[in-house]
Amino acid sequence: MPIVYRYNNGQLPAAANEVFRAPSVPMAVTSTWLCNTDSTLRTVTIYHIPSDESVSDEHLLLDTLELRPKTTIIIETPFFLEQGDAVVAFADVAGKVSASFYAIPFADWIRSR
């Protein structure tokens, strides 16, 4: 069974910020957990930024996804990061949305299929 890595077990900021970067091997992000810890609706935006590029609309994965109060959603649609690619994310208000990204090396993900 492959080792699953967990990234950014914490609160998202209110401005675009790197959550994690693929290490020296390509990675498969197998699930994304988002939890609105606030008592009001919050939104989340997530980007997949290729190595040596910057935040732009062409790299959007989720654009202002609405999270109801005190709700957790789990997204199990995988996406893939090449070596050096990054995930950048933010919420509409800092410190109100927790995010965790689970990833494994791409080669391990392929073998597990």
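Small disclaimer: the values here were computed from a predicted structure and weren't measured.

1. Topic: the overall build of the protein
So, step 1. What the protein contains, in helices and strands, is one helix and nine strands.
So, step 2. Taken from N to C terminus, the helices and strands of the protein fall in the order β-β-β-β-β-β-β-β-β-α.
So, step 3. Against the compact-globule benchmark of 13 Å for 113 residues, the protein has a radius of gyration of 14 Å, which places it among compact chains.
So, step 4. In terms of overall dimensions, the protein has a C-alpha envelope of 40 × 30 × 20 Å along the principal axes.
So, step 5. Counting the 113 residues in the protein, one finds 37% classified as buried.
So, step 6. Counting contacts in the protein only where the partners sit at least 6 residues apart, residues at least 24 apart contribute 82% of the total.
So, step 7. Accessible surface computed for the protein: about 6,300 Å², of which carbon and sulfur atoms make up 52%.
So, step 8. Counting 8 positive and 13 negative side-chain charges, the protein places the centres of these two groups 12 Å from one another.

2. Remarks on the sheet that holds strand E4 (residues 42-49)
So, step 1. Read from one edge to the other, the open sheet built from four strands follows the order E2-E8-E4-E5, with strand pairing classed as antiparallel. What marks the edges here is a single partner per strand, and that holds for strand E2 (17-21) and strand E5 (60-67). Along the sheet, successive strands turn relative to each other by an average axial angle of 20°, direction set aside.
So, step 2. Taken together, the four bridges between E2 and strand E8 (residues 86-91) define a ladder with antiparallel strand orientation. The residue bridging Arg-21 from the neighbouring strand is Ala-86, located in E8.

3. Side note on a nonpolar patch on the surface
So, step 1. A surface patch of nonpolar side chains, about 240 Å² in accessible area, is lined by Phe-80, Phe-106 and Ile-110.
So, step 2. Within the secondary structure, Phe-106 is located in helix H1 (residues 106-112).
So, step 3. The partly exposed category is assigned to Phe-106, whose relative accessible area is 31%.

4. Section: the nonpolar core
Proteins that are soluble and globular tend to have nonpolar side chains buried together.
So, step 1. Core analysis: the biggest nonpolar cluster contains 20 residues, and Leu-12, Phe-20, Val-87 and Phe-101 have the highest contact counts within it.
So, step 2. Going through the elements one at a time, E2, strand E3 (27-36), E4, strand E7 (79-81), E8 and strand E9 (97-105) are the ones with two or more residues in this core.
So, step 3. Broken down by element, the residue count for this core peaks at four residues, all from E9.
So, step 4. If sequence neighbours within four positions are ignored, Phe-20 has contacts with Tyr-7, Val-29, Leu-81, Asp-85, Ala-86, Val-87 and Phe-101.

Definitions and limits used
- Numbering of residues starts from 1 in every chain and runs along the sequence as written.
- Local features in this predicted model are restricted to residues of pLDDT 70 or higher, and side-chain atom pairs are both shown and tallied only at a pLDDT of 80 or more, whereas totals for entire chains, interfaces and linings draw on every residue.
- Remark: hydrogens and water are excluded; side-chain values derive from all non-hydrogen atoms of the structure.
- Secondary structure follows DSSP: runs of H or I at least 4 residues long count as helices, runs of E at least 2 residues long count as strands, and numbering of each begins at the N terminus.
- This radius of gyration counts C-alpha atoms alone. The globule rule is 2.2 Å times how many residues there are, raised to the power 0.38.
- Buried, partly exposed and exposed residues are distinguished by accessible area as a fraction of the type maximum, computed with a 1.4 Å probe on protein chains only: under 20%, between the cut-offs, and over 50%, respectively.
- Note on definitions: a residue-residue contact is assigned when non-hydrogen atoms from the two residues lie within 4.5 Å.
- In short, Shrake-Rupley with a 1.4 Å probe defines the accessible areas, and a residue's cover is counted only from the protein chains shown.
- The charge count treats Lys and Arg as positive and Asp and Glu as negative. His and the chain ends do not count.
- A charge is said to be at NZ when it belongs to Lys, at CZ for Arg, at CG for Asp and at CD for Glu.
- Here, strands pair whenever DSSP counts at least two bridges between them.
- Orientation is described by axes fitted as lines to C-alpha atoms, over the contacting stretch for helices, and by angles from 0 to 180 degrees between their N-to-C directions.
- Patch membership requires over 30% relative accessible area and the absence of a salt bridge. Like charges are linked within 9 Å, and nonpolar side chains (Val, Leu, Ile, Met, Phe, Trp, Tyr) within 5 Å.
- Whenever a carboxyl oxygen of Asp or Glu lies within 4 Å of a side-chain nitrogen of Lys or Arg, that contact is scored as a salt bridge.
- To qualify as a nonpolar core, a set must consist of buried Ala, Val, Leu, Ile, Met, Phe, Trp, Tyr and Cys residues joined through side-chain atoms within 4.5 Å.

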